Amino acid sequence: TIWDSIGLRLQDGSIRGGYITDLRNDTVFINGNPVGKRAIKRVLLKKRSKNKLPDVKTMALIAGGAALTSAGLAISDPQHKTEAIIAGPVIGFGPLLIKYIAKGSVRAVMRKKYKIGKKYSLHISDVPLVR
């Protein structure tokens, strides 16, 4: 079955959430219960999972790889040992740090709800959902 999950804040302040089971005559049916189009105040978006760091095993493997990289660079060029010690962790943990910061900044600016009325409207067609 193909159903879409949705969360709605109604004009009376209550929240209805569930699966859209039907769309008909300006009415959204959520889990079989009708909700009129005019009763909907906001469409709430799904909460996204927070950015989680990798598990301990992965972090240990990255740390080991960073240490081996630092050691290899230090052995190959003893004159630049301090740069080699810094380069290993940057190579190993840099992509994780960039990913974590980038996803966090994107999450900060993403919309979490759509207010129905002024800028956005809810359009309902008479096409039944495929089940």
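Residues numbered from 1 in each chain as written. Predicted model: local features only at pLDDT ≥ 70, side-chain atom pairs only at ≥ 80, totals over all residues. Heavy atoms only, no water.

Participant: Sorry, what's going on with the overall build of the protein here?
Facilitator: Each helix and strand in the protein was counted, giving 2 helices and 6 strands. When the helices and strands of the protein are listed from N to C terminus, the series reads β-β-β-β-β-α-α-β. A total of 131 residues make up the protein; the buried ones form 21% of that total. Partitioning the contacts of the protein with sequence separation of at least 6, the portion at a separation of at least 24 is 57%. Counting only carbon and sulfur atoms, one obtains 61% of the accessible surface of the protein, whose full area is about 9,900 Å². (Helix = DSSP H or I, 4+ residues; strand = E, 2+ residues; numbered from the N terminus. Buried < 20%, exposed > 50% of the residue type's maximum accessible area, 1.4 Å probe, protein only. Contact = heavy atoms within 4.5 Å. Areas by Shrake-Rupley, 256 points an atom, 1.4 Å probe, with all protein chains shown as cover.)

Participant: Would you mind showing me how to read a nonpolar patch on the surface here?
Facilitator: A contiguous nonpolar patch, built from Leu53, Leu97, Tyr100 and Ile101 and spanning about 430 Å² of accessible area, is present on the exposed surface. Residue placement: leucine 53 occurs in the loop between strand E5 (40-44) and helix H1 (56-76). (Patch = residues over 30% accessible without salt bridge, like charges linked within 9 Å, V, L, I, M, F, W, Y side chains within 5 Å. Salt bridge = Lys/Arg side-chain N within 4 Å of Asp/Glu carboxyl O.)

All we've got here are geometric facts, nothing functional implied.
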